[in-house]
Amino acid sequence: MKFFIKRGASCIDGFTVYNDNAEPVYTAAVEASPSLRIRLTDNGDRLLSSIKFNNFVLNYFTVRCARRFYALVPCMDKQFSFAIYGSTFRFIGNLADGRFSMLNSDGEIIMTQKKCWTQQGEGYEINITDGQYHIFMLSVAMCADIYIALTESHPIPT
């Protein structure tokens, strides 16, 4: 499955997720108070994923989707990436470049992200090979995009 993610004018304006035919399929609304929260919904306004940016001792994201709970902690190993807790998925690539992949426990690539130009403007192309986890993969992509935007142009919210 191929998706395109387009962020609003700023990191708190939310996201729209488009399918391969440039039709909006998901919307992510961002609430910035008191902490940063993202709600990923389908076109019927059904909640699919809930993301929260946490700033307690360190900065990290928590993601709730498909009755599971995950934590994404930014870390610096060989490259800037996320350590993912609550699953066997592994993050490879460079978060700062906006170009990365997700691997399953067998080492197979199940998601890739890269910057691209779409009909709606600059965004990210997401290719997901395992449809079972596509909501979580889209959530990870949004966490990466918002973390990059927050650290580049705005102070991290407290």
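Above this note sits the structure.
Residues numbered from 1 in each chain as written. Predicted model: local features only at pLDDT ≥ 70, side-chain atom pairs only at ≥ 80, totals over all residues. Heavy atoms only, no water.

A.B. asks: Can you explain the sheet that holds strand β5 (residues 47-56)? Please cite residues and give values.
C.D. replies: The pairing of strands in a sheet happens through backbone hydrogen bonds and is either parallel or antiparallel. The strand order across the open sheet formed by twelve strands is β8-β7-β6-β5-β4-β3-β2-β1-β12-β11-β10-β9, and the pairing between neighbours is antiparallel. The open sheet terminates on both sides in strands that have one partner only, identified here as β8 (80-85) and β9 (90-94). For this sheet, the mean angle separating the axes of adjacent strands, direction not counted, is 20°. By the bridge criterion, five bridges tie strand β4 (residues 37-42) to β5 in an arrangement that is antiparallel. Bridging from a neighbouring strand, Leu-40 pairs with Ser-49 of β5. (Pairing = 2+ DSSP bridges. Helix = DSSP H or I, 4+ residues; strand = E, 2+ residues; numbered from the N terminus. Axes fitted to C-alpha atoms, helices over the stretch in contact; angles between N-to-C directions.)

A.B. asks: I'd like to hear about the state of the cysteines, residue by residue, with values.
C.D. replies: In total, this model carries zero disulfides according to the counting rule given. Sulfur of Cys-65: no disulfide; nearest cysteine sulfur belongs to Cys-143 and is 9.9 Å away. (Disulfide = S-S within 2.5 Å.)

A.B. asks: An account of a nonpolar patch on the surface is requested, with residue identities and associated values reported.
C.D. replies: Residues Phe-56, Val-57 and Leu-58 make up a contiguous nonpolar surface patch of about 360 Å² in total accessible area. Here Leu-58 is to be found in strand β6 (residues 58-65). (Patch = residues over 30% accessible without salt bridge, like charges linked within 9 Å, V, L, I, M, F, W, Y side chains within 5 Å. Areas by Shrake-Rupley, 256 points an atom, 1.4 Å probe, with all protein chains shown as cover. Salt bridge = Lys/Arg side-chain N within 4 Å of Asp/Glu carboxyl O.)

A.B. asks: Residues and numbers for the nonpolar core, please.
C.D. replies: For soluble globular proteins, nonpolar side chains are generally found buried alongside one another. Residues Phe-61, Leu-72, Phe-82, Met-102, Ile-126 and Phe-136 are the most contacted members of the largest nonpolar core, which totals 43 residues. Once you skip the residues sitting within four places of it in the chain, Leu-72 turns out to touch Tyr-60, Phe-61, Val-63, Phe-82, Ala-83, Ile-84, Phe-136, Val-140 and Cys-143. (Core = buried A, V, L, I, M, F, W, Y, C linked by side-chain atoms within 4.5 Å. Buried < 20%, exposed > 50% of the residue type's maximum accessible area, 1.4 Å probe, protein only. Contact = heavy atoms within 4.5 Å.)

A.B. asks: Before we move on, can you summarise the side chain of Asn-54 with the specific residues and values?
C.D. replies: Relative to the helices and strands, Asn-54 is located in strand β5. With a relative accessible area of 10%, Asn-54 lands in the buried category. At a separation of 3.3 Å, a polar atom in the side chain of Asn-54 contacts the main-chain carbonyl oxygen of Lys-52. Non-local contacts of Asn-54, meaning those with residues more than four positions away in its chain, are made with Asn-59, Tyr-60, Phe-61 and Thr-62. (Polar contact = N/O pair within 3.5 Å; in protein donor to acceptor, adjacent residues only side chain to side chain.)

A.B. asks: Quick rundown of the environment of Asn-94? Include the residues and the values.
C.D. replies: Locating Asn-94 in the fold gives a position in strand β9. With 34 residues separating them along the chain, Asn-94 and Ile-128 place their C-alpha atoms 18 Å apart. The contact partners of Asn-94, leaving out residues within four places of it in the chain, are Gln-79, Phe-80, Arg-99 and Phe-100.

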